[in-house]
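Residue-level listing of the chains:
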Amino acid sequence: MSNTYGEWLKAQREVAGLTQQELADAAIMTRSHIAHIEAGRRVPSKEDARRLDRALGTGDVLSSFLPREDVAVADYFEAARQLEQQATVIQEFALSLVPGILQTEGYARAVLRPGATPRGEEECDRLLVTRLERGKVLSDPVTPLVCALLDEAVLRRHVGSPKVMTEQLTHIVRLAESERIRVHILPFGVGYHQLLQGMLSLMMFDDQPPVAYGEGVLMGRLHDSPALVETLQRTYTLALGDALPRKESVALLRATAKEYGQHD
């Protein structure tokens with residue numbers, strides 16, 4: 001984002017004679033969160049902005065002039081998208097489709113194509129750009145740490161052409177072999193498990209409590225209740241214990257990609 005917002009926040013803080021820590025205490029935030037906003041590395045949430053306005057006595061200026069990004073996502077996903085860009089640890093569970101941050105262009109295009117949903121081509125193109133931008137969080141060699149737990153249905157569900165599936169699964173294999181992500185497959189043989197109810201994303205941060213995001217058909221919800229997030233983390237951990245080890249998971253991904261490749 002443009003740093004005009006962060007610079008203005010810093011100027012107002014200094015006019016008020018507050019240190020970053022003092023402002024953080026007054027706004028019920030962390031000092032590092034304030035530092036990230038002032039440096040232009042983070043966009044505050046609407047609630048953060050309201051608390052900053054109250055702490056600095058700036059009316060509703062910080063709330064009204066939050067930076068807007070030219071992105072195209074479902075309204076219910078926007079808050080989760082912003083947090084995804086800030087997380088230091090992301091744990092994904094995918095029930096039927098490859099998680100967005102791991103999708104290749106061909107796979108994402110097949111998922112978002114006109115006809116799959118009631119959208120025009122222009123809207124699909126905008127959604128595709130945003131989807132691929134999300135994947136850039138993996139361009140940092142270290143952060144975030146990403147663990148992808150994939151139901152075997154993700155591998156077997158034919159999305160697009162065999163070539164698209166080959167490229168997609170090979171992409172995940174490369175990320176796993178380079179140790180940029182950890183990937184585990186929950187095989188069909190496990191039978192019922194508690195994550196079968198939908199997709200789940202758990203996100204952890206250096207300067208704020210963890211959150212969880214769950215999604216169903218044309219709906220999604222962000223959860224920040226500590227008790228609920230803890231329960232979802234425990235459920236994820238139990239399911240992870242039933243998954244194939246990393247080497248076996250990568251081998252299954254590679255073998256499945258080869259099977260698709262034989263039908264190109």
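This one's a predicted model, so the numbers in the text were calculated from it and none came from an experiment.

Considering the overall build of the chain
Piece 1. A tally of regular secondary structure across the chain gives twelve helices and six strands.
Piece 2. Over its C-alpha atoms the chain spans a radius of gyration of 20 Å, differing by no more than 12% from the 18 Å that the globule rule assigns to 264 residues.
Piece 3. Oriented by its inertia axes, the alpha-carbon framework of the chain measures out at about 65 × 40 × 30 Å.
Piece 4. The proportion of buried residues among the 264 residues of the chain is 44%.
Piece 5. Long-range pairs, those at least 24 residues apart, make up 69% of the contacts in the chain with a sequence separation of at least 6.
Piece 6. About 13,900 Å² of surface is accessible on the chain, with carbon and sulfur atoms providing 53% of the total.
Piece 7. Averaging the coordinates of the 30 positive side-chain charges in the chain and doing the same for the 36 negative ones gives two points 3 Å apart.

Some words on the pairing of strand β5 (residues 211-216)
Piece 1. Where strand β4 (residues 199-204) lies against β5, five bridges are found, and the strand directions are antiparallel. By the bridge assignment for β5, Leu202 is matched with Ala212.
Piece 2. In sequence, β4 turns back onto β5 through a hairpin of six residues.

Quick notes on helix α8 (residues 121-134)
Piece 1. With 14 residues, α8 ought to run about 20 Å at 1.5 Å a step, and its terminal C-alpha atoms sit 20 Å apart, in line with that.
Piece 2. Looking only at α8, the buried set comprises Cys124, Leu127, Leu128, Thr130, Arg131 and Arg134.
Piece 3. The inward-facing, buried residues of α8 abut α6 (78-84) and α7 (105-112).

So, the confidence of the model for the chain
Piece 1. Per-residue pLDDT for the chain has a mean of 88; in total, 91% of the residues score no lower than 70.
Piece 2. No element of the chain has a lower mean pLDDT than α8, at 81, and none a higher one than strand β3 (residues 181-186), at 98.

Some words on the pattern of salt bridges
Piece 1. Per the counting criterion, the structure on display carries twelve salt bridges.
Piece 2. Close ionic contact of Arg134 with Glu84 constitutes a salt bridge, the shortest N to O distance being 2.8 Å. Highlighted residues: Arg134 in helix α8 and Glu84 in helix α6, separated in sequence by 50 residues.
Piece 3. Owing to a relative accessible area of 4%, Glu84 belongs among the buried residues under this scheme.
Piece 4. Note that Glu177 and Arg254 form a salt bridge whose closest N and O atoms lie 2.4 Å from each other. In this pair, Glu177 is assigned in helix α10 (residues 162-177) and Arg254 in helix α12 (residues 246-261), connecting sequence segments 77 residues apart.
Piece 5. Under the relative-accessibility criterion, Arg254 is labelled partly exposed at 41%.
Piece 6. Because the salt bridges share partners, they merge into one network encompassing Glu47, Asp48, Arg50, Arg51 and Arg54.

Remarks on the sheet that holds β5
Piece 1. Spatial ordering of the open sheet is given by β3-β2-β1-β4-β5-β6, a layout of six strands whose pairing is mixed. One side of each edge strand has no neighbouring strand; the edge strands of this open sheet are β3 and β6 (219-223). For this sheet the average axis-to-axis angle between neighbouring strands, irrespective of direction, equals 10°.
Piece 2. Both strand β1 (residues 89-94) and β4 contribute to a ladder of five bridges, which runs antiparallel. Residue pairing in the sheet places Ile90 in a bridge with Met203 of β4.

Notes on the side chain of Gln168
Piece 1. Following the sequence through the fold, Gln168 ends up in helix α10.
Piece 2. In this structure the side chain of Gln168 is engaged in a polar contact, spanning 2.9 Å, whose partner is the backbone oxygen of Leu102.
Piece 3. In this structure the side chain of Gln168 is engaged in a polar contact, spanning 2.8 Å, whose partner is the backbone nitrogen of Thr104.

What counts as what
- Residues numbered from 1 in each chain as written.
- Predicted model: local features only at pLDDT ≥ 70, side-chain atom pairs only at ≥ 80, totals over all residues.
- Heavy atoms only, no water.
- Helix = DSSP H or I, 4+ residues; strand = E, 2+ residues; numbered from the N terminus.
- Rg over C-alpha atoms; globule rule 2.2 N^0.38 Å.
- Buried < 20%, exposed > 50% of the residue type's maximum accessible area, 1.4 Å probe, protein only.
- Contact = heavy atoms within 4.5 Å.
- Areas by Shrake-Rupley, 256 points an atom, 1.4 Å probe, with all protein chains shown as cover.
- Lys, Arg positive; Asp, Glu negative; His and termini not counted.
- Charge placed at Lys NZ, Arg CZ, Asp CG, Glu CD.
- Pairing = 2+ DSSP bridges.
- Expected span 1.5 Å × (residues − 1).
- pLDDT = per-residue confidence, 0-100.
- Salt bridge = Lys/Arg side-chain N within 4 Å of Asp/Glu carboxyl O.
- Axes fitted to C-alpha atoms, helices over the stretch in contact; angles between N-to-C directions.
- Polar contact = N/O pair within 3.5 Å; in protein donor to acceptor, adjacent residues only side chain to side chain.

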